[in-house]
Amino acid sequence: MLDYAITLFGLQINLFEALGAIVGIIYLLLEYKAHPWLWFFGLLMPLFYLYLFFDQHLYANAAINVYYVWASIYGILCWRGIIGSKKKEESPISSMPSNALWPILGSVAAITIALTLVLQWLGESEVAWLDGFTAALNIVGMFMLAKGWYQQWICWIIVEPVMVVMSILTGMYPTSVMYMVYCVIAVMGYLRWKREYLSNKR
């Protein structure tokens, strides 16, 4: 890990990781507000966590940070109305079509199994199933976010408590604090986005 650390309350805090966590919290606050600038931070945050997760042998979560870059570009194009049916002036918040539920659940299951098998084959991850499952939810959640579906928050509500535990177990304390904040904002974000969607639908 990049060696820029300080000791705080008896814990070794990596400053590179702390900066990444700050960027992550800004990203989530912008997501909560459905602000288009979230995609800029969505491009910035993977630069930190690609390295940080790889350093902790959380290879699935490291690899999806490459996907995050692609998803952020896709999200920018969707939210600006460049691709898809949504017009630029419309609210980015919408609802997931009912016929998308089973493909979404199937994707989470398939990606989890595939990533876990790869991680077990590599033999370096001590939490292969958790790494695979959280990575799968992150992949699907980012796709749903790009589409503007308010149900995307459900992915984060499920995954963030797991990420808190994984971060603590691997000594990534600033990241664990970031995910604790994510837990709270994910619930608030779901309620806010759903309320705004229903309000715009009237």
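Cut-offs applied
Residues numbered from 1 in each chain as written. Predicted model: local features only at pLDDT ≥ 70, side-chain atom pairs only at ≥ 80, totals over all residues. Heavy atoms only, no water. Helix = DSSP H or I, 4+ residues; strand = E, 2+ residues; numbered from the N terminus. Buried < 20%, exposed > 50% of the residue type's maximum accessible area, 1.4 Å probe, protein only. pLDDT = per-residue confidence, 0-100. Patch = residues over 30% accessible without salt bridge, like charges linked within 9 Å, V, L, I, M, F, W, Y side chains within 5 Å. Areas by Shrake-Rupley, 256 points an atom, 1.4 Å probe, with all protein chains shown as cover. Salt bridge = Lys/Arg side-chain N within 4 Å of Asp/Glu carboxyl O. Core = buried A, V, L, I, M, F, W, Y, C linked by side-chain atoms within 4.5 Å. Contact = heavy atoms within 4.5 Å. Axes fitted to C-alpha atoms, helices over the stretch in contact; angles between N-to-C directions. Parallel < 35°, antiparallel > 145°, perpendicular 65-115°, else oblique. Left-handed = near helix turned anticlockwise from the far one by under 90°. Nonpolar A, V, L, I, M, F, W, Y, C, P; charged D, E, K, R; others polar.

(A) Local environment of unusual backbone geometry. One non-glycine residue, A34, adopts positive backbone phi at about 55 degrees. Mapping A34 onto the fold places it in the loop between α1 (15-32) and α2 (38-55). On the basis of relative accessible area, A34 is assigned to the buried category, the value being 12%.

(B) Spotlight on the confidence of the model for the chain. Confidence in the prediction for the chain averages 84 pLDDT; 88% of positions are at 70 or higher. Averaged pLDDT values over the elements of the chain bottom out at 56 in strand β1 (residues 5-8) and peak at 91 in helix α4 (residues 101-122).

(C) Structural view of a nonpolar patch on the surface. Taken together, the side chains of L19, I22 and I26 make up a nonpolar region of the molecular surface, amounting to roughly 250 Å² of accessible area. Under the relative-accessibility criterion, I26 is labelled partly exposed at 33%.

(D) Just the nonpolar core, in detail. Of all hydrophobic cores here, the largest spans 60 residues; its most connected members are Y49, M142 and W153. Taken together, the elements giving at least two residues each to this core come down to α1, α2, α3 (59-79), α4, α5 (128-147), α6 (152-169) and α7 (173-201). When near neighbours in sequence (up to four residues on either side) are disregarded, M142 contacts Y27, W39, Y67, Y68, A71, S72 and W156.

(E) Structural view of the side chain of N65. Tracing the backbone shows N65 in helix α3. For N65, a relative accessible area of 3% puts it in the buried group.

(F) Fine view of the side chain of S167. Structurally, the position occupied by S167 is in helix α6. Beyond its immediate sequence surroundings of up to four residues, S167 is in contact with M172, T175, S176 and Y179.

(G) Spotlight on the packing of α4 against α5. Put simply, α4 and α5 touch, their axes get as near as 8 Å, and they point 140 degrees apart. By the angle class used here, α4 and α5 are oblique. For the crossing formed where α4 meets α5, the hand is right-handed. Contacts between α4 and α5 involve I104, S107, V108, I111, T112, L115, T116, L119 and Q120 on the former and, on the latter, A128, W129, D131, G132, F133, A135, A136, L137, I139, V140 and M144. Looking at the contact of α4 with α5 residue by residue, the classes come out as 14 nonpolar, five polar and one charged.

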